[in-house]
Amino acid sequence: MTTTPLPASDTGAPPASDPPAAAAPAVDDAERLRRWRLVLGGADDGTGVTLAGRDLGVDRTLDVVYGEDSRGAGRGGGAPNVARWLGDIRTYFPTSVVQVMQRDAIDRLGLATLLAEPEMLEAAEPDVHLVGTLISLGRAIPERSKESARAVVRAVVEQLERQLATRTRATLTGALDRSAKVRRPRHRDIDWDRTIRANLHTYLPEHGTVVPERLVGYGRAGRSVKKDVILCIDQSGSMASSVVYASVFGAVLASMRSINTRLVVFDTEVVDLTEEIEDPVDVLFGVQLGGGTDINRAVAYCASQITRPADTVVVLISDLYEGGIRGELLKRVAAMKAAGVEFVTLLALSDDGAPAYDRGHAAALTELGAPAFACTPDLFPDVMAAAIERRPLPIPEP
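For the structure given in this document, a descriptive report is provided here. (Residues numbered from 1 in each chain as written. Predicted model: local features only at pLDDT ≥ 70, side-chain atom pairs only at ≥ 80, totals over all residues. Heavy atoms only, no water.)

Brief notes about the overall build of the protein chain
Part 1: Along the protein chain, the regular secondary structure elements total 14 helices and 10 strands.
Part 2: Taking all 398 residues of the protein chain together, the buried fraction comes to 48%.
Part 3: In the protein chain, once contacts between residues fewer than 6 apart in sequence are set aside, the share between residues at least 24 apart is 74%.
Part 4: Of the roughly 19,800 Å² that the protein chain leaves accessible, carbon and sulfur atoms contribute 51%. (Helix = DSSP H or I, 4+ residues; strand = E, 2+ residues; numbered from the N terminus. Buried < 20%, exposed > 50% of the residue type's maximum accessible area, 1.4 Å probe, protein only. Contact = heavy atoms within 4.5 Å. Areas by Shrake-Rupley, 256 points an atom, 1.4 Å probe, with all protein chains shown as cover.)

Considerations on the nonpolar core
Part 1: Judged by nonpolar contacts, the single largest core of 58 residues is most densely connected at Val 315 and Phe 380.
Part 2: When residues in this core are grouped by element, the largest group, 10 residues, is from helix α7 (residues 146-179).
Part 3: Setting aside residues no more than four positions away along its own chain, Val 315 makes contact with Ile 230, Leu 231, Cys 232, Val 344, Leu 346, Phe 380 and Met 384.
Part 4: Within the second largest apolar cluster, 24 residues are counted, among which are Ala 298, Val 299, Phe 343 and Ala 362. (Core = buried A, V, L, I, M, F, W, Y, C linked by side-chain atoms within 4.5 Å.)

Quick word on unusual backbone geometry
Part 1: Here the phi dihedral of Leu 320 falls at roughly 70°; this positive angle occurs in a residue that is not glycine.
Part 2: For Leu 320, the position within the fold is in the loop between β8 (312-317) and α12 (326-339).
Part 3: Residue Leu 320 is classed as buried on the basis of its relative accessible area, which comes to 0%.
Part 4: Of note, Arg 390 is a non-glycine position whose phi angle comes to about 60°, a positive value.
Part 5: For Arg 390, the position within the fold is in the segment after α14 (380-389).
Part 6: Given the relative accessible area of 39%, Arg 390 is considered partly exposed.

Description of the pairing of β8
Part 1: Across the six residues of β8, six count as buried, placing the element largely inside the fold.
Part 2: Neither face of β8 is exposed, since Thr 312, Val 314 and Leu 316 on one face and Val 313, Val 315 and Ile 317 on the opposite face are all buried.
Part 3: Of the strand pairs in this sheet, strand β5 (residues 227-234) and β8 are connected by six bridges, and their pairing is parallel. In the sheet register, Cys 232 faces β8, and the bridge partner there is Leu 316.
Part 4: Where β8 lies against strand β9 (residues 342-349), five bridges are found, and the strand directions are parallel. Considered in β9, the bridge of Val 313 is made with Glu 342. (Pairing = 2+ DSSP bridges.)

Let's talk about the sheet that holds strand β6 (residues 259-266)
Part 1: The strand order across the open sheet formed by six strands is β7-β6-β5-β8-β9-β10, and the pairing between neighbours is mixed. Bordering the open sheet on either side are β7 (270-272) and β10 (372-375), each of which pairs with just one other strand. Between one strand axis and the next, the sheet turns through 25° on average, direction left out of account.
Part 2: Set on the sheet, helix α11 (residues 295-304) makes contact with β5, β6, β7, β8 and β9; between it and β6 the angle comes to about 155°. (Axes fitted to C-alpha atoms, helices over the stretch in contact; angles between N-to-C directions.)

Some thoughts on the packing of α7 against helix α9 (residues 240-254)
Part 1: Between α7 and α9, the shortest axis-to-axis distance is 9 Å and the interhelical angle comes to 50°. If you check the angle between α7 and α9, you find them oblique. As α7 packs across α9, the resulting crossing turns out to be right-handed. Judged by residue contacts, Val 157, Leu 160, Glu 161, Leu 164, Ala 165, Thr 168, Arg 169 and Leu 172 of α7 engage Val 244, Tyr 245, Val 248, Phe 249, Ala 251, Val 252 and Leu 253 from α9. (Parallel < 35°, antiparallel > 145°, perpendicular 65-115°, else oblique. Left-handed = near helix turned anticlockwise from the far one by under 90°.)

Focus on the pattern of salt bridges
Part 1: Inspection of the entire model under this criterion finds 14 salt bridges.
Part 2: The closest approach of N and O atoms between Arg 34 and Glu 31, which form a salt bridge, is 2.9 Å. Placement of both Arg 34 and Glu 31 in helix α1 (residues 29-40) is noted, with a separation of three residues, approximately one turn of the helix.
Part 3: Owing to a relative accessible area of 23%, Glu 31 belongs among the partly exposed residues under this scheme.
Part 4: One salt bridge in this structure joins Arg 308 and Asp 228, with 3.2 Å as the shortest N-O distance. Here Arg 308, found in the loop between α11 and β8, pairs with Asp 228, found in strand β5; they are 80 residues apart in sequence, far enough to count as distant.
Part 5: Judged by relative accessible area, Arg 308 falls into the partly exposed class, the value being 32%.
Part 6: On the basis of relative accessibility, which here comes to 10%, the residue Asp 228 falls in the buried class.
Part 7: The network of salt bridges with common partners includes Glu 31, Arg 34, Arg 35 and Asp 55. (Salt bridge = Lys/Arg side-chain N within 4 Å of Asp/Glu carboxyl O.)

Here's what the structure looks like:
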């Protein structure tokens with residue numbers, strides 16, 4: 001039995017664990033049966049309820065994706081029918097539910113190709129998953145639809161930038177300030193931990209104190225205080241949402257004068273998209289989702305671009321299913337770590353939850369001091385700040 005999302009007006013009472021607020025309105029037996037009829041989605045479901053009016057429209061819209069016969073907007077449906085269905089679900093459901101149903105329709109009914117049609121793009125609700133589907137189509141998008149496709153991608157990218165940019169810049173600016181060493185700091189700017197470590201040789205046991213010969217302080221990030229960041233992004237098909245978020249974060253990092261950012265994407269080939277990094281839309285349309293994976297080759301290229309190991313952070317975003325030489329990859333990561341590079345491995349950069357990934361590969365990287373974990377967009381600024389300051393990474397609980 002397949003369950004289906006309900007319209008916003010059909011949501012039930014809050015869970016018992018929620019703090020008691022206003023009492024939920026009582027639900028009589030008829031209303032309860034009506035809701036079960038919409039959830040179960042079948043005339044022979046045992047509820048004995050016959051739908052009419054708006055409820056019948058909701059039921060037919062849900063049945064397109066979640067019913068036993070994928071009719072209407074199914075595999076046999078043309079672009080006009082699909083566009084009409086997309087309009088219907090926006091009539092009956094809130095945006096958050098529309099995005100879920102739209103994604104399910106793409107996955108269950110094979111609608112990816114129809115998304116290349118202009119009328120489909122205009123009817124669809126723009127979100128990260130739709131952008132991922134569009135960039136996976138790549139050159140299959142016909143010329144007549146490219147302008148509409150770019151408009152959809154642009155809308156999502158601009159929304160993500162508004163959500164993510166301010167906090168990312170503020171968090172990383174603070175991290176850069178703290179990571180900069182100043183030889184003659186003001187008292188309030190003294191980094192006492194590093195000052196003590198730098199002066200342990202002056203420890204006087206008879207007095208139980210350290211006599212500092214030099215003070216180490218926090219700096220203020222400016223043009224002369226820079227970190228090098230390399231984003232190395234797996235463009236295999238499973239990484240679509242991560243590619244979208246990484247391109248947006250790449251543009252945000254590139255806008256900061258104190259960070260020199262490089263953006264590299266790879267499958268079995270390696271492509272450096274740093275010249276397009278300021279415009280995530282150009283980056284996304286330069287990506288070719290799908291194909292094999294050669295992480296070793298990509299990491300080798302990134303290593304060749306490092307000129308200041310102690311001031312470099314490499315972020316590998318990949319599910320770690322390696323098609324290249326695994327042993328060579330681990331040797332390269334170990335060499336980079338030994339040279340002073342801060343190496344971060346993200347199994348995903350999205351809100352999609354825990355991904356499928358190569359657990360053996362992840363464990364091997366963790367042993368090298370490059371723990372592999374999935375990261376949400378909200379957590380990414382904190383991860384980068386910790387990497388810049390060489391603090392333990394804020395790895396979420398599994």
